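An overview of the molecular structure
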Amino acid sequence: MPSGSYKQSDVQCPFYRSDTNRPTAIQCEGVEDSNKISLQFGNLADKKEYMDRFCIKGYEYCRVFRAVYEQYR
């Protein structure tokens with residue numbers, strides 16, 4: 001996954017797809033097969049904090065995870 005962060009190998013969330021540093025964003029699986037969810041951040045520090053808190057650990061508490069998970073229930 002080029003152009004993303006070094007943290008990609010640490011991600012545990014099953015709905016994570018990729019991340020980029022320009023623009024500063026995280027892409028996740030969408031709520032339907034034909035779409036994806038993109039979270040954009042104002043700076044790299046905010047993206048890193050979000051990835052640490054929700055993509056790498058504690059993804060069960062992420063609002064995106066919970067919304068996408070609903071489609072599988």
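Quick look at the structure, then. Since the structure is predicted, the reported quantities are computational estimates derived from the model, not experimental observations.

Applying the stated criterion to the full structure yields one cavity of 30 Å³ or more. Quantified by volume, the largest cavity comes out at close to 60 Å³. Looking at the largest cavity, the residues that line it are Cys 13, Phe 15, Tyr 16, Cys 28, Leu 39, Tyr 50, Phe 54, Cys 55, Cys 62, Val 64 and Phe 65. Taken together, the elements giving at least two residues each to the lining of the largest cavity come down to helix 1 (44-56) and helix 2 (63-70). The element best represented in the lining of the largest cavity is helix 1, accounting for three residues. Here the residues of the lining of the largest cavity sort into 11 nonpolar, no polar and no charged.

Our next topic: the packing of aromatic side chains. In this structure the tally under the stated criterion is six aromatic pairs. Look at Phe 15 and Tyr 72: their rings are 5.8 Å apart centre to centre, the planes differ by 0°, and that puts the pair in the stacked class. Residue Phe 15 is found in the segment before strand 1 (16-21), and its partner Tyr 72 is found in the segment after helix 2; the two are separated by 57 residues along the sequence. An aromatic cluster is built from Phe 15, Tyr 59, Phe 65, Tyr 69 and Tyr 72, whose rings are joined through pairwise contacts.

The rules behind the values
Throughout, a residue's number is its position along its own chain's written sequence, starting from 1. At least 70 in pLDDT is required for a residue's local features to be given in this predicted model, at least 80 for side-chain atom pairs to be given and counted, and no such filter applies to totals for whole chains, interfaces and linings, which use all residues. Note that water and hydrogens are dropped before the side-chain values are worked out from all heavy atoms of the structure. Site definitions follow a grid-based scheme: protein atoms alone, a 1 Å grid, a 1.4 Å probe that fits but cannot get out for cavities, and for pockets an open set with protein on both sides within 12 Å along at least five of seven lines, plus lining residues having an atom within 4 Å of a point. Grid points are joined across faces, edges and corners, and a volume is the space filled by probe spheres set on the points. Secondary structure elements follow DSSP: runs of H or I of four or more residues count as helices, runs of E of two or more count as strands, with numbering from the N terminus. Residue polarity is assigned by list, with Asp, Glu, Lys and Arg as charged and Ala, Val, Leu, Ile, Met, Phe, Trp, Tyr, Cys and Pro as nonpolar; anything else, Gly included, falls into the polar class. Planes of paired rings set the category: under 30 degrees apart is stacked, over 60 is edge-to-face and the rest tilted, where pairs are Phe, Tyr or Trp rings (Trp by its six-membered ring) whose centres lie within 6.5 Å.

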